[in-house]
Amino acid sequence: MGVKINSKELVAVLEAMPCEQNLMLVGKHGIGKSQILSRYFESKGQKVVTLFLGQMSDPGDLIGLPHFDESTGKTEFMPPYWFPTDGKPIVLFLDELNRARPEVLQTIMDLTLNRKLAGKNLPEGSRIISAVNDGEEYQLTDLDPALVSRFNIYEFLPSVQEWLLWADKNKIDARVIDFISENPDMLDGKNFTREDQGLEKTPDRRAWERVSDILKENEISPFLKNIIAGIVGMPAAAKFFAFLSQKRLLGAKEILLGSFAKTKASMKNYTTPDIASINESLFRFIETESYEKSDAKKISENLSSYFDYLVSENLREAQAHFVNLFSSSAYPNALVFLVSNCSALYKKMTEFIKSI
């Protein structure tokens with residue numbers, strides 16, 4: 001495959017790419033391609049029209065139906081329901097491009113090259129973006145090299161960290177967030193993909209969102225496991241419920257908004273991976289601003305006490321992970337918070353870096 005990009009890099013591509021150039025995103029189902037595109041362009045005031053090409057039975061579904069114009073004596077195609085008639089540019093999102101029938105793909109050729117559909121021009125400034133699935137588990141149509149050449153192609157691989165940030169902002173159930181934080185391989189079901197999977201359910205990002213919705217409305221019960229297994233598959237559901245039955249790690253809110261002098265006693269038996277998960281949750285909590293502004297002082301004090309605890313316990317790997325999160329570009333809001341509110345902690349982290 002070609003160039004790999006995550007969600008943040010996809011936005012950078014959209015910012016840099018002229019609207020005359022076509023974009024193709026390659027990736028698994030359920031990873032948020034359409035959601036990210038819709039959110040980005042709607043924030044710019046641009047309408048996104050999504051067409052599921054795999055559901056179209058013939059070119060008429062795309063270009064509209066023929067109509068005889070008695071005034072000209074010619075047959076014309078009536079514009080389909082989605083075609084813009086107000087002259088305003090649109091973002092045309094061609095989903096499932098490599099699931100389309102060959103005759104539908106032929107119609108796409110002129111659209112991607114000349115921005116024309118059955119002789120009618122898309123409004124100037126319109127964009128064309130397509131999405132395709134890739135993998136032996138999909139039933140796909142081979143794409144003509146001439147069609148492929150009309151797209152700038154990127155493999156879309158949004159990171160687990162990006163999804164966790166999104167999940168925090170969108171109030172996904174904390175149990176799902178904690179599970180994925182400790183089991184990142186479960187987010188997209190990479191361990192469960194098989195060539196012969198057929199109707200075998202595997203986890204993906206959309207599925208975990210559905211699990212969150214069910215958890216918010218139902219008490220944990222044996223039968224709930226079966227319900228969730230129908231969403232993410234039995235192996236993922238079994239591991240998720242085993243996780244729920246284990247002792248839960250301290251949450252960011254408990255550490256940052258409580259009394260750290262009391263909560264630190266619960267951390268005595270935590271492993272380095274446990275502490276790393278907590279580090280991530282602390283930075284996500286601050287990044288998503290999941291707190292009242294009046295709590296900033298308490299958060300800064302508890303965060304400093306937390307780092308002091310890592311130092312006092314000589315947990316250097318955990319310290320290094322904490323400092324690495326601060327140094328990365330993944331949490332810009334958290335970085336600003338620490339620099340603005342935690343001067344003593346900032347100094348300690350700087351000294352730690354020098355000691356490495």
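Residues numbered from 1 in each chain as written. Predicted model: local features only at pLDDT ≥ 70, side-chain atom pairs only at ≥ 80, totals over all residues. Heavy atoms only, no water.

A. Broad picture of the sheet that holds strand β3 (residues 47–52). Here we have six strands laid out as an open sheet, ordered β1-β10-β2-β9-β6-β3, and parallel in their pairing. At either margin of the open sheet sits one strand with a lone partner, and together these are β1 (3–5) and β3. Strand-to-strand twist across the sheet, computed as the mean angle between neighbouring axes with direction ignored, equals 30 degrees. Relative to strand β10 (residues 151–156), strand β2 (residues 22–26) runs parallel, the two sharing five bridges. (Pairing = 2+ DSSP bridges. Helix = DSSP H or I, 4+ residues; strand = E, 2+ residues; numbered from the N terminus. Axes fitted to C-alpha atoms, helices over the stretch in contact; angles between N-to-C directions.)

B. Spatial organisation of the environment of I108. For I108, the position within the fold is in helix α4 (residues 102–114). Taking relative accessible area as the criterion, I108 reaches 0% and is therefore assigned buried. Residues I108 and L97, spaced eleven residues apart in sequence, show a C-alpha to C-alpha distance of 9.4 Å. The contact partners of I108, leaving out residues within four places of it in the chain, are L53, L62, L94, L97 and L147. (Buried < 20%, exposed > 50% of the residue type's maximum accessible area, 1.4 Å probe, protein only. Contact = heavy atoms within 4.5 Å.)

C. Helix α14 (residues 296–312), seen in detail. The first and last C-alpha atoms of α14 sit 24 Å apart over 17 residues, in line with the 24 Å expected at 1.5 Å per residue. Inspection of α14 places A296, I299, S300, N302, L303, S304, Y306, F307, Y309 and L310 among the buried residues, and these make up the whole buried set. Each element contacted by the buried residues of α14 is listed here: α11 (252–257), α12 (260–263), α13 (272–287), α15 (316–327), α16 (332–341) and α17 (343–355). In the stretch just after α14, N314 is the one whose phi turns positive, near 55 degrees. (Expected span 1.5 Å × (residues − 1).)

D. Region of the structure containing the environment of F41. Its location among the elements puts F41 in helix α2 (residues 33–43). When near neighbours in sequence (up to four residues on either side) are disregarded, F41 contacts L14, Q46, V48, V91, R127 and I129.

E. Layout of the pattern of salt bridges. Scanning all chains against the criterion turns up nine salt bridges. Salt-bridge contacts for K4 lead to E155; the nearest nitrogen and oxygen are separated by 3.5 Å. Taken as a pair, K4 in strand β1 and E155 in strand β10 lie far apart in primary sequence, 151 residues in all. For E155, a relative accessible area of 16% translates into the label buried. With its nearest N and O atoms 3.2 Å apart, the salt bridge here joins E313 to K268. Of this pair, E313 sits in the loop between α14 and α15 while K268 sits in the loop between α12 and α13, and the two are 45 residues apart along the sequence. Classification of K268 by relative accessible area gives exposed; the value is 54%. (Salt bridge = Lys/Arg side-chain N within 4 Å of Asp/Glu carboxyl O.)

F. Representation of the packing of helix α9 (residues 222–232) against helix α10 (residues 234–245) within the structure. Running from amino to carboxyl end, α9 crosses α10 at an angle of 135 degrees, the nearest separation of the two axes being 7 Å. By the angle between their axes, α9 is oblique relative to α10. Once α9 is placed against α10, the crossing between them reads as right-handed. Where α9 approaches α10, its residues L224, K225, N226, I228, A229 and V232 are matched on the opposing element by M234, A236, A237, A238, F240 and F241. Looking at the contact of α9 with α10, its residues break down into ten nonpolar, one polar and one charged. (Parallel < 35°, antiparallel > 145°, perpendicular 65-115°, else oblique. Left-handed = near helix turned anticlockwise from the far one by under 90°. Nonpolar A, V, L, I, M, F, W, Y, C, P; charged D, E, K, R; others polar.)

G. Inspection of the nonpolar core at higher detail. Within the largest apolar cluster, 37 residues are counted, with the highest numbers of intra-cluster contacts made by I286, L303, Y306 and L338. Broken down by secondary-structure element, the contributors of at least two residues to this core are α11, α13, α14, α15, α16 and α17. For this core, the leading source of residues is α14, giving seven residues. Dropping the residues within four chain positions of it, L303 is found in contact with L256, L282, I286, F322, L338, C342 and L345. V26, L51, I63 and L92 belong to the second-largest nonpolar core, a separate cluster that totals 26 residues. (Core = buried A, V, L, I, M, F, W, Y, C linked by side-chain atoms within 4.5 Å.)

H. Examining the packing of α14 against α15 more closely. Put simply, α14 and α15 touch, their axes get as near as 8 Å, and they point 145 degrees apart. Of the two elements, α14 crosses α15, and the hand of that crossing is left-handed. For the pair formed by α14 and α15, the contact residues are L303, Y306, F307, L310 and V311 on the first element and A318, Q319, F322 and V323 on the second. Residue composition of the contact of α14 with α15, grouped by class: eight nonpolar, one polar and no charged.

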